[in-house]
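# Topology and contacts: notes
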Amino acid sequence: MSELRQRLGRDADGQLDSEEKESELENKLDGETASDSECKSEAAQAAPVDDTPEVLNRALSKLSSRWKNWWVRGILTLAMIVFFFIIIYLGPMVLMMIVMCVQIKCFHEIITIGYNVYHSYELPWFRTLSWYFLLCVNYFFYGETVTDYFFTLVQREEPLRILSKYHRFISFALYLTGFCMFVLSLVKKHYRLQFYMFGWTHVTLLIVVTQSHLIIHNLFEGMIWFIVPISCVICNDIMAYMFGFFFGRTPLIKLSPKKTWEGFIGGFFATVVFGLLLSYVMSGYRCFVCPVEFNNDTNSFTVDCEPSELFQLQKYNIPSVLRSVIGWKTVKMYPFQVHSIALSTFASLIGPFGGFFASGFKRAFKIKDFANTIPGHGGIMDRFDCQYLMATFVNVYIASFIRGPNPSKLIQQFLTLRPDQQLHIFNTLKAHLVDKGMLAGSEDA
């Protein structure tokens, strides 16, 4: 009996030793992954590729590298600004499609970095599942947006009404399918790496997809809530670069050695002034200030309304301290211009931290840019690192200080209720108005 116990003990110890060895091997493989990825990144970093168009290379061949980079960035920045004006002219629906295309490209750039880092281990289904989760999250967010903003259209079409009713259940089922596929794809000795990449994908979805969805929400509130914040970020980026290029002497942050205090401060003041001027011009046009709505009569999306008080000129008294300086007692401004100060301040003081975050991410993987999509600027994600943070702030700002109850949405939802529910709400509202003295009661009548 004692011999049997000793034998069982030796077998148990041998099994534990085997499991410990497998665990050590897995840890070793995980440790090698980081070092291997750094070696690959350093090798890639050692041979930088000049992605500047040949035409510009020839035209600027006699300039120093510093001034050559200045001209390349300037020319391509002007080209992007022209493209931005064109898509604004095409309207909100085209803008929404452009935002979605930018979101997909940014997701691709970040996922590609993860794929390149762990490429040698050939993790199964990594890219397939990443794109599948992107599809699921977009289906959920866009479905919520369509149901919220275009309720009348959804209720009128039977297929859309069914999809809207069970939208969240369908979205959850789609995500659950991907979750099960991930569990089935787990491979021994690569468990930790696969969970790393599972987390990589979901953090990317949180940063890119969620915040791009907020951009679309801002757009539906009125194009001015889309254009002014984005333009403020662009202005701050340009003016900070200009001030830093000509006057920069004092380094700002170690993550971005080329950023200077002179550029940071100069960009702030230039952005605030730019935001005030742009807001004044855009507040006078209904096509910019009116929310995007679906018109049942024309069966089309319209941008037409009676501008709210936020976009109507009002007189403001100038503080007595400034009256002696400028000689004015009052000034006419749109209330939105006051809000634009908050937007431009965030864009110039907090927005750059989105860029610093991206710089830290790139340094962690020893890469210069997310991609080489735009010569002199890097990838699309390099241009939108601050925009996503700005979009989140604008959405929170609108929900906290601007948006109120929407009567048209309430009426649309009221009309979809059963007759007995509508009658109950009518009687409740009537009794409330009578109590308030805003409506005569039956006895008074």
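By the naming in an unreviewed UniProt entry, the protein is Phosphatidate cytidylyltransferase, taken from Gekko japonicus. You can read under Subcellular location (unreviewed entry) in the UniProt record for the protein the words "Membrane". UniProt lists a comment for the protein under the heading Sequence similarities (unreviewed entry), and it reads "Belongs to the CDS family."

### Overview of the packing of helix 10 (residues 224-247) against helix 14 (residues 335-349)
Remark: helix 10 packs on helix 14, axes separated minimally by 9 Å, with the N-to-C direction vectors making an angle of 40 degrees. Classified by the angle between their axes, helix 10 and helix 14 sit oblique to one another. Relative to helix 14, the crossing made by helix 10 is right-handed. Here I224, W225, V228, P229, C232, V233 and N236 of helix 10 lie close against helix 14, whose contacting residues are F336, L343, S344, A347 and S348. Residues of the contact of helix 10 with helix 14, tallied by class, amount to nine nonpolar, three polar and no charged.

### Considerations on a nonpolar patch on the surface
Together, L63, W67, W71, I75, F246 and F247 line one region of the surface with nonpolar side chains, adding up to about 570 Å² of accessible area. Secondary structure elements with two or more residues in the nonpolar patch: helix 3 (65-90) and helix 10. It is helix 3 that provides the largest number of residues to the nonpolar patch, a total of three residues. Along the polypeptide, L63 turns up in the loop between helix 2 (54-59) and helix 3. Take L63: its relative accessible area is 36%, and that puts it in the partly exposed class.

### Comments concerning the state of the cysteines
Summed over the entire model, instances satisfying the criterion amount to one disulfide. A disulfide bridge connects C290 with C305, and the sulfur atoms are separated by 2.1 Å. Looking along the S-S bond of the C290-C305 disulfide, the torsion reads about -90 degrees, which is the left-handed sense. Here C290 is found in the loop between helix 12 (286-289) and strand 3 (293-295), whereas its partner C305 is found in the loop between strand 4 (300-302) and strand 5 (314-317), with 15 residues between them in sequence. Here C290 falls in the buried class, since its relative accessible area comes to 0%. Overall, C305 belongs to the partly exposed group, its relative accessible area being 25%. Residue C232 stays outside any disulfide, its sulfur separated by 6.9 Å from that of C235, the closest cysteine. Here C232 falls in the buried class, since its relative accessible area comes to 0%.

### Considering empty space enclosed by the protein
Evaluation of the coordinates by the stated rule reveals two cavities of 30 Å³ or more. In this structure, the largest cavity occupies an estimated 100 Å³ of space. Lining of the largest cavity is provided by 13 residues; of these, F126, L129, F182, Q194 and F198 occupy positions nearest its centre. When residues of the lining of the largest cavity are traced back to their parent elements, those giving at least two are helix 5 (126-149) and helix 9 (191-220). Tallied by class, the residues present in the lining of the largest cavity amount to nine nonpolar, four polar and no charged. In this structure, the second largest cavity occupies an estimated 80 Å³ of space.

### A word on helix 9
In this model, helix 9 (30 residues) spans 43 Å end to end at C-alpha, consistent with the 44 Å of a helix rising 1.5 Å per residue. Roughly 30 degrees is the biggest bend found in helix 9, and it falls at L205. Downstream of helix 9 by one or two residues, G222 has phi in the positive range, about 140 degrees.

### Side note on unusual backbone geometry
Look at K189: it is not a glycine, yet its phi comes out positive at around 75 degrees. Note that K189 resides in the loop between helix 8 (167-184) and helix 9. For K366, which is not a glycine, the phi torsion comes out positive at approximately 55 degrees. Looking at the element boundaries, K366 is found in the loop between helix 15 (352-364) and helix 16 (380-402). Residue K366 is classed as partly exposed on the basis of its relative accessible area of 30%.

What counts, and where the lines are drawn
- Residues numbered from 1 in each chain as written.
- Predicted model: local features only at pLDDT ≥ 70, side-chain atom pairs only at ≥ 80, totals over all residues.
- Heavy atoms only, no water.
- UniProt positions renumbered as here; feature names shortened; annotations may be inferred.
- Axes fitted to C-alpha atoms, helices over the stretch in contact; angles between N-to-C directions.
- Helix = DSSP H or I, 4+ residues; strand = E, 2+ residues; numbered from the N terminus.
- Parallel < 35°, antiparallel > 145°, perpendicular 65-115°, else oblique.
- Left-handed = near helix turned anticlockwise from the far one by under 90°.
- Contact = heavy atoms within 4.5 Å.
- Nonpolar A, V, L, I, M, F, W, Y, C, P; charged D, E, K, R; others polar.
- Patch = residues over 30% accessible without salt bridge, like charges linked within 9 Å, V, L, I, M, F, W, Y side chains within 5 Å.
- Areas by Shrake-Rupley, 256 points an atom, 1.4 Å probe, with all protein chains shown as cover.
- Salt bridge = Lys/Arg side-chain N within 4 Å of Asp/Glu carboxyl O.
- Buried < 20%, exposed > 50% of the residue type's maximum accessible area, 1.4 Å probe, protein only.
- Disulfide = S-S within 2.5 Å.
- 1 Å grid on protein atoms, 1.4 Å probe; cavity = no way out; pocket = protein on both sides within 12 Å on 5 of 7 lines; lining within 4 Å.
- Points joined across faces, edges and corners; volume = space filled by probe spheres on them.
- Expected span 1.5 Å × (residues − 1).
- Bend = angle between axes of the 7 residues up to and from the residue.

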